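# Structural description and commentary
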6 protein chains.
Amino acid sequence: MFIHNKRLQYTVRVAGSNPGLANLLLEQFGGPQGELAAAMRYFTQAISEDDPGRKDMLLDIATEELSHLEVIGSLVAMLNKGAKGPLAEGIDREATLYREITGAGNDSHVTQVLYGAGAPLTNSGSVPWTAAYIDTIGEPTADLRSNIAAEARAKIVYERLIALTDDPGVKEALGFLMTREIAHQKSFEKALYAIEPNFPPGKLAGDPRFANVYFDMSQGEGDVHGPWNDQSEFQVISDRAQQGAVDGGDGSASVGLTDHEAETLEAAAARTQSNPTAKPITGADLGSTLSGGPGRLQ
Amino acid sequence: MFIHNKRLQYTVRVAGSNPGLANLLLEQFGGPQGELAAAMRYFTQAISEDDPGRKDMLLDIATEELSHLEVIGSLVAMLNKGAKGPLAEGIDREATLYREITGAGNDSHVTQVLYGAGAPLTNSGSVPWTAAYIDTIGEPTADLRSNIAAEARAKIVYERLIALTDDPGVKEALGFLMTREIAHQKSFEKALYAIEPNFPPGKLAGDPRFANVYFDMSQGEGDVHGPWNDQSEFQVISDRAQQGAVDGGDGSASVGLTDHEAETLEAAAARTQSNPTAKPITGADLGSTLSGGPGRLQ
Amino acid sequence: MFIHNKRLQYTVRVAGSNPGLANLLLEQFGGPQGELAAAMRYFTQAISEDDPGRKDMLLDIATEELSHLEVIGSLVAMLNKGAKGPLAEGIDREATLYREITGAGNDSHVTQVLYGAGAPLTNSGSVPWTAAYIDTIGEPTADLRSNIAAEARAKIVYERLIALTDDPGVKEALGFLMTREIAHQKSFEKALYAIEPNFPPGKLAGDPRFANVYFDMSQGEGDVHGPWNDQSEFQVISDRAQQGAVDGGDGSASVGLTDHEAETLEAAAARTQSNPTAKPITGADLGSTLSGGPGRLQ
Amino acid sequence: MFIHNKRLQYTVRVAGSNPGLANLLLEQFGGPQGELAAAMRYFTQAISEDDPGRKDMLLDIATEELSHLEVIGSLVAMLNKGAKGPLAEGIDREATLYREITGAGNDSHVTQVLYGAGAPLTNSGSVPWTAAYIDTIGEPTADLRSNIAAEARAKIVYERLIALTDDPGVKEALGFLMTREIAHQKSFEKALYAIEPNFPPGKLAGDPRFANVYFDMSQGEGDVHGPWNDQSEFQVISDRAQQGAVDGGDGSASVGLTDHEAETLEAAAARTQSNPTAKPITGADLGSTLSGGPGRLQ
Amino acid sequence: MFIHNKRLQYTVRVAGSNPGLANLLLEQFGGPQGELAAAMRYFTQAISEDDPGRKDMLLDIATEELSHLEVIGSLVAMLNKGAKGPLAEGIDREATLYREITGAGNDSHVTQVLYGAGAPLTNSGSVPWTAAYIDTIGEPTADLRSNIAAEARAKIVYERLIALTDDPGVKEALGFLMTREIAHQKSFEKALYAIEPNFPPGKLAGDPRFANVYFDMSQGEGDVHGPWNDQSEFQVISDRAQQGAVDGGDGSASVGLTDHEAETLEAAAARTQSNPTAKPITGADLGSTLSGGPGRLQ
Amino acid sequence: MFIHNKRLQYTVRVAGSNPGLANLLLEQFGGPQGELAAAMRYFTQAISEDDPGRKDMLLDIATEELSHLEVIGSLVAMLNKGAKGPLAEGIDREATLYREITGAGNDSHVTQVLYGAGAPLTNSGSVPWTAAYIDTIGEPTADLRSNIAAEARAKIVYERLIALTDDPGVKEALGFLMTREIAHQKSFEKALYAIEPNFPPGKLAGDPRFANVYFDMSQGEGDVHGPWNDQSEFQVISDRAQQGAVDGGDGSASVGLTDHEAETLEAAAARTQSNPTAKPITGADLGSTLSGGPGRLQ
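All values reported here derive from a predicted model rather than from experimental measurement.

As a further point, take the overall build of chain A. Across its full length, chain A carries eleven helices and six strands. Relative to the compact-globule value of 19 Å for 298 residues, chain A shows a C-alpha radius of gyration of 28 Å, a clear excess of over 25%. On the principal axes, the C-alpha backbone points of chain A span a range of 75 × 65 × 50 Å. The 298 residues of chain A split such that 72% are buried. Pairs at least 24 apart in sequence give 71% of the contacts found in chain A among residues at least 6 apart. As displayed, chain A offers around 8,100 Å² of accessible surface, 52% of which is attributable to carbon and sulfur atoms. One way to put it: in chain A the 24 positive side-chain charges average out to a point 8 Å from where the 40 negative ones average out.

Now the structure itself:
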């Protein structure tokens, strides 16, 4: 059960209204790397988790992320507070209002016109939050790696936001939120390595013919060797002929069909067959002028 | 530049038509953990990457994932091939066709009716692929962790699909694709640790007051200690009073407003003020019968 | 700040595994009328709300909805628990596994293959939750009406789910959740009518020429009179000629253009002008057989 | 059957081109509270409605909303008309064109580059319209409440747009559209209350133990009493201990498993068990520098 | 202005309830090739169209498509009508209800549980309709081609649905709708070829060096010649060396940077540089067991 | 199998950083008419295609489109390269950074804050790419028309982008990409007309009663005759009475119900019946002030 205490986890002190900055901060409210994504990622893992330790940790962190959602949302709400009245009450002249919500440095018009200067669950480009952002698949050796990566991403987006504001109260609160992502990443790393072994993830071993192969698929000026394809660990295959049909077959695709399936397929093929020797007049021929003639591009 | 060789990277031999299985395999074609997501994840990282080693590796692996997209797509196409003709040609009786595309063990009706028994870029629930699945943010210490996690997830979904089929050709091809995820994870791990230091990701250090704190937000029967909150590494805060307003403030949110902003806000507040001592009759009162009376539920 | 207590708000007792029912229950977990939508709807309203009474109420109810999210999620997790192992561990035969996840009465294959028999934030059709479900606009006389409607909808979806299961523990927990929607609707109704006046919502009065008019746009057999178009309250306009251009103008659309705008528009028009007297041969003519001839349909 | 008359329902007179304003007006064309959402909401209700009176009303209003879609779309088209030529014909210098479509006060570049200065079904943030905006569930006591709320929201967004323009023709047409939402709300209210009783919505009564309870989930400075939790109507529960496990149970979640289910679950648990007493070295340890050391943030 | 006549454009006679078939028919109601997509595609083109002939045609066909939306929606509503009562009224036993909405041949559970057996604007996989389906770009020589293609697609999906039902009334109504797509395609073809020239679309001529070149990018067994790459019309380039950097340059990408830009880029590069000669221990090394060892797959 | 050569298909030379232009170019990277949509459209058609000629052509063009994706992505990456460092390294003052990413002529803040100045798969309005953009249905006479239209659209969007930049290297590369769309359209036209007949698409003939009818649904000032409704080809029906119920029936919708279905439907109808003679007091009545009274609008 969740309960709520009216004190925020971190006090929010904003120097003055700034809907443009509020808009950027939406990235961490309703954006893909934001706090709702974090909270829901861990919460949904927690309710299906049977390992008591991980379940407890996931609930601890999910709950904290909800509290962070409240902090970042409160930052947005404070930055937008001065913009709530004018549009709602229509006190200012229209031209002033129009200029204020569409001016340079302010891409907050969706937040203002559609959401009334509130804190919508969108990113800074007004894309609504979607659970497609959550990549939980229900296997802890994968999910913990996903969590580690998610914390790293959130940490970076906070860095960028911190670099964009000189409001000390906003900077300080963002710094707190950023720091907590570091701490959470540490916990998830500990939890991952408390599963032994954890690599390869899951139950099946890889096929030993292919588990240590590195296919050098991109060739030309710029080929580089490094730890990721070092021959002490990987068998590097650069020969184009050996990169295809690595099973030793002919590299084709086939399926066994019943007679009835084959017949209906032939009927479809006959109806839509392409005549390779036709010289058809086409719609483009009908509609074309002298293409490639002198034009503005040249 | 991409070029194409008609041999698949792995030969596809499917025993017989099975649109229901084809539908499940769509997870790795147009699903969130599938090969298009992998290919596009690494490709988009590659074109913005300035480090020559990582750029080369990302292009190598992106290109291989495109070749895997072709393998899994070919599996889907072969499993659906027998179903292409009947609906297109209308040769069978309607009742037979209806039964075949909606029968138990077969949730492929969207693929058949809408996509003509092809290989659509959807997951097995017919949700169209979206770039919201890609979590690249343009910082290598975060993106490489995202790649590691993505490979772990893809490996697991392949495991599950392998567990669902006894067609030896399908099983073998899926085993190859699964194994390659292991190899790619290894390469991404090497690339991450070739950046020193790589933790915490990004440039800013955390605030030392909060970087090693563990907030025990979820309490009650089921609290567990483990490496993720071990007191040798973390300062665990369980006291509810110390979990809020950790900055030492009052945990409230505030903003400086101009006089004009404050006035318009007051006008809005006055117009929509809630009378806390009202005893209003409501629409629910108008419309209610005896609520809570005896009903079917009891 | 949110905190968490490990006791659920309502004890969950599930008789036995039932992934098919779990799938249906996802409607109230990650579906449009579900508990995440409710929690986020009220939470986002709360953080931008300046009226102290409404803010408190919104936080109370948002927090309770999060606790309901946990209850419905726990129901899903329990119904899926028996399905977690087989696919992950691959212990059963493939044919058995395939039959179990695709059998009649069970449309949970996405939950199992993609989400590992967890509790994903999708609806029962596997569509990911989206913030597009939330219709908050930041004006209390509108938002409270939206909340009233949302509670009504959630109540009904719970009714339908209750009608579908005979597991007494599931039925009882769903009954609790359903009942709470009734209580919340009551509170939101009280809060709406504590604003006086609250109709029409917002600040601007309507144009008196059109505020009490009912346009009888759909005509023919089936025209009915009722309170919604009663002549004591509405002026009903059925004459087709009076339904258009109600401002008294000519019903056309026009704009003042600068000379430069007009010139470029004319250039575009000239380039793409349609020759109304042409008798063109078309691509369809090129490609057609005798259309309308005897076919299978007749 | 729908038929069309070329006269608009309201004459559109636009003073001059203004793609920036056109962009904002898209909220009511292809936005969540716009006219397509309204038209489709009522139309889809109408075709499944069996009550003759409601069916007629829903068709009347749906048809009018389609006519409103045409009015708002015509406003957008007129405001964009001057922008149609320059980009299509490439007559102006590139720098001029670039400045015009990306200048301050103009966030219409998507409309221009992608949609050719037309009227796309997106909101003002270029998010495509989605049927996820429609919350119809097929129960009239819920759907009518949804309609009432939708009309209230649309009325408010029109208010905001009216506040943003001083073009008298645009203002007047928006005023007409806004007023009609008031009239429609009245009709839907009448239709709701013509169903007796209409609260609680649906068929099942609530559980009397919980139907009049108010859980005071959010506590701290800011707790307020009001009609929504008045003790004359609600039993307020503030004691944290009484807020959990309200059924009198232990607040846990459980399910009956078959022996086979339990065994496979144990196998999965054993494979992924977390060792709570481990002191693992982690990837973060490998990759870390002195975290918490002096950094730019401090 | 749209007006409505209660007579459908085509009479709907359905033999009996069939929610499974209703679900499939949703493809043409709320699916990508369905009638809403058609109506909105032409309607949005119409309101921005300045050519009087095309504008009239687009309004004619858009209006007819709305009438088709009503016909297909009425088919869905009739097929679902028998399912409306049981779930709403809870008269049958739970097991019966559950079996009926999840049984083989019936994937309509979303329509029933979430939408109350109505006619939701989703496709048959329950994916909500999105304006992303509409590809209008505001240039008639492109839009008319898009319309021609859209009519062809809709015609085919109707064919498939006709093949799936033996209910004569459903078959006949679908046959009418299918036939109208043929007629509409003819009109759009005529309109396209009434623009002279219409190919290449738009204003700019192509670069003559590349306008008639065919790059043979996919090579191997299966290379075929046909009209699409016939040497009488196309210059076919099969030499891999001539397929890249076709401008004669080196095929690299570069940009001019300011000194300040170059410096900050170098700082970022230094911080995240990859050490190509490192032999790092990785997280995978820490967490691995003997990979490639004997496993279940072999 | 795909393989990669590090030379681009067209050399990319960008004069200088320009994130605002990069943002516009995203339309052809991750937008609906962009290169990923093109590549995936043809690739997915190819893997299900059985006709050897079309399969080869689709693979040739799909592969080239992937190479174009790389070219346009490289343009975006170069235009953004100068912006990569400042935000990542936080070297500049906050106010400078804020101004640069939100300034007039630059709507790239999502690309910078969320995606680190990379090349995300979104359009220029930050909407993530979705497979809903792909309209393949698995019937060649429809799919080839879709491809023809798609190439026409892409050609036009390139035209618009070319008109917006005076950077000669960008202009030249865009000109190459635009030209290739012309060439591809030609090939698809040839392939369509190599199928004989190809109209009407598919197998079923239309119903001759309706295949040559033009319903004049939109009437009033502005009715135009043209080739699309010329009486030599079409039977034009303008009489409103003949436009409805064209089958000769009564234009109603009906279904056969079982007794049990009818009974439960009646129970639902009785519960929710609307009383057409009621004069109910409504929530709006409770909450209203004098509507239509003097207000700001007048």
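The next subject is the relation of the copies chain E and chain F. Superposition record for chain E on chain F: RMSD 0.0 Å, screw rotation 180 degrees, translation along axis 0.0 Å. Overall, the copies show the geometry of a two-fold rotation axis. In this assembly the copies share their binding face: 100% of the residues contributing to the interface of chain E also contribute to that of chain F.

It is worth spelling out the pairing of strand β1 (residues 2-5) of chain E at this point. Across two bridges, the pairing between strand β4 (residues 218-219) of chain C and β1 of chain E is parallel. Considered in β1 of chain E, the bridge of Q219 of chain C is made with N5 of chain E. As defined by bridge partners, strand β1 (residues 2-5) of chain D adjoins β1 of chain E across three bridges and the pair is classed as antiparallel. Residue I3 of chain D lies in a different strand from β1 of chain E, and its bridge partner there is I3 of chain E.

If you look at the interface, chain E gives 117 residues, while chain F gives 117 residues. Looking at the side of chain E facing chain F, the largest losses of area belong to R7, I137 and W228 of chain E, adding up to 7% of the total buried there. Across the contact surface, chain E and chain F share eight salt bridges. As a salt-bridge pair, R13 of chain E and D250 of chain F come within 3.0 Å of each other at their nearest N and O atoms. Where chain E meets chain F, there are 74 residue pairs in polar contact (both at pLDDT 80 or more). Within the residue set of the side of chain E that touches chain F, elements represented by two or more residues are β2 (12-14), α4 (52-89), α7 (140-162), α8 (168-193), β3 (213-215), α9 (240-243), β6 (253-255) and α10 (259-271) of chain E. Ranked by residue count, the leading element in the side of chain E that touches chain F is α4 of chain E, at 19 residues.

The next subject is the packing of helix α3 (residues 35-48) of chain D against helix α4 (residues 52-89) of chain D. Residue and element names in this part refer to chain D. Where α3 meets α4, the closest approach of the two axes is 8 Å, and the angle between their N-to-C directions is 160 degrees. One way to sum up the angle between α3 and α4 is to call them roughly antiparallel. Seen from above, α3 lies across α4 with left-handed handedness. Across the interface between the two elements, E35, L36, A38, A39, M40, Y42, F43, Q45, A46 and I47 of α3 pack against K55, L58, L59, I61, A62, E65, L66, H68, L69 and I72 of α4. Among the residues making up the contact of α3 with α4, the classes are represented as 15 nonpolar, two polar and three charged.

Now for the environment of T44 of chain D. Position of T44 of chain D among the secondary structure elements: in helix α3. Judged by relative accessible area, which is 7%, T44 of chain D ranks as buried. With 14 residues separating them along the chain, T44 of chain D and L58 of chain D place their C-alpha atoms 8.9 Å apart. When residues no more than four places from it in sequence are discounted, the contact partners of T44 of chain D are T136 of chain D together with F29, A119 and L121 of chain E.

To continue, consider the sheet that holds strand β4 (residues 218-219) of chain D. Ordered in space as β4(B)-β1(C)-β1(A)-β4(D), the four strands form an open sheet in which the pairing is mixed. This sheet does not close on itself; its edge strands, each paired only once, are β4 (218-219) of chain B together with β4 of chain D. Packed onto the sheet, helix α4 (residues 52-89) of chain C meets β1 (2-5) of chain A, β1 (2-5) of chain C together with β4 of chain D and runs at close to 155 degrees relative to β1 of chain A.

Think of interface size as the accessible area that goes away when the parts come together; that is how it is often given. The interface of chain B with chain C comprises 51 residues on the first partner and 46 residues on the second. Where chain B abuts chain C, roughly 3,800 Å² becomes buried across the two surfaces, and 57% of that area is made up of carbon and sulfur atoms. Viewed at the interface, chain C and chain B are joined by four salt bridges. Residue K6 of chain C is joined to D223 of chain B by a salt bridge in which the shortest nitrogen-to-oxygen separation is 3.0 Å. For the interface between chain B and chain C, the tally reads 19 residue pairs in polar contact (both at pLDDT 80 or more). Contributing elements (two or more residues each) for the side of chain B that touches chain C: α1 (19-25), α7 (140-162), β4, α9 (240-243), α10 (259-271) and α11 (283-287) of chain B. Looking at the side of chain B that touches chain C, the element that brings in the most residues is α7 of chain B, giving five residues. By residue class, the composition of the side of chain B that touches chain C is 16 nonpolar, 23 polar and twelve charged.

With that settled, consider the confidence of the model for chain A. For chain A, mean pLDDT is 93; residues scoring 70 or higher make up 97% of the total. Predicted complex metrics record ipTM = 0.94 and pTM = 0.96.

The sheet built from four strands is open, its strands ordered β4(A)-β1(F)-β1(B)-β4(E) with mixed pairing. Pairing within the sheet leaves two strands with one partner each, and these edge strands are β4 (218-219) of chain A together with β4 (218-219) of chain E. Across the sheet, helix α4 (residues 52-89) of chain B is in contact with β4 of chain A, β1 (2-5) of chain B together with β1 (2-5) of chain F; its angle to β1 of chain F comes to roughly 155 degrees.

Mapping chain B onto chain C calls for a rotation angle of 120 degrees and an axial translation of 0.0 Å; the resulting RMSD is 0.0 Å. One copy is carried onto the other by what is essentially a three-fold rotation axis. Taking C-alpha positions as the reference, the residue of chain B nearest the rotation axis is A104 of chain B, at 3.0 Å. Taken as a fraction of all interface residues of chain B, those also at the interface in chain C reach only 12%, which identifies the copy contact as different-surface.

Checked against the element boundaries, R41 of chain A lands in helix α3 (residues 35-48). Between the alpha carbons of R41 of chain A and S146 of chain A there is a distance of 9.5 Å; along the sequence they are 105 residues apart.

Evaluated as defined, the whole model comprises 45 aromatic pairs over all chains. Measuring from centroid to centroid gives 5.9 Å for F2 of chain C and F43 of chain C, while their planes differ by 55 degrees, and the two rings are tilted. Taken together, the residues span a long stretch of sequence, with F2 of chain C in strand β1 and F43 of chain C in helix α3 (residues 35-48) at a distance of 41 residues. Overall, the relative accessible area of 2% leaves F43 of chain C in the buried class. With 4.7 Å between their ring centres and 25 degrees between their planes, Y10 of chain F and F176 of chain F make a pair best called stacked. With a gap of 166 residues between them, Y10 of chain F in the loop between β1 and β2 (12-14) and F176 of chain F in helix α8 (residues 168-193) connect regions that are remote in the sequence. In this pair, the class of Y10 of chain F matches that of F176 of chain F, namely buried. Feature note: the residues W129 and Y133 of chain A together with W129 and Y133 of chain C constitute an aromatic cluster, connected by ring pairs.

Quick notes on the rules
- Residues numbered from 1 in each chain as written.
- Chains lettered and ligands numbered in written order.
- Predicted model: local features only at pLDDT ≥ 70, side-chain atom pairs only at ≥ 80, totals over all residues.
- Heavy atoms only, no water.
- Helix = DSSP H or I, 4+ residues; strand = E, 2+ residues; numbered from the N terminus.
- Rg over C-alpha atoms; globule rule 2.2 N^0.38 Å.
- Buried < 20%, exposed > 50% of the residue type's maximum accessible area, 1.4 Å probe, protein only.
- Contact = heavy atoms within 4.5 Å.
- Areas by Shrake-Rupley, 256 points an atom, 1.4 Å probe, with all protein chains shown as cover.
- Lys, Arg positive; Asp, Glu negative; His and termini not counted.
- Charge placed at Lys NZ, Arg CZ, Asp CG, Glu CD.
- Least-squares fit on C-alpha atoms with pLDDT ≥ 70 in both.
- Pairing = 2+ DSSP bridges.
- Buried area = accessible area lost by both parts, 1.4 Å probe.
- Salt bridge = Lys/Arg side-chain N within 4 Å of Asp/Glu carboxyl O.
- Polar contact = N/O pair within 3.5 Å; in protein donor to acceptor, adjacent residues only side chain to side chain.
- Axes fitted to C-alpha atoms, helices over the stretch in contact; angles between N-to-C directions.
- Parallel < 35°, antiparallel > 145°, perpendicular 65-115°, else oblique.
- Left-handed = near helix turned anticlockwise from the far one by under 90°.
- Nonpolar A, V, L, I, M, F, W, Y, C, P; charged D, E, K, R; others polar.
- pLDDT = per-residue confidence, 0-100.
- Phe/Tyr/Trp six-rings, centres within 6.5 Å; stacked < 30°, edge-to-face > 60°.

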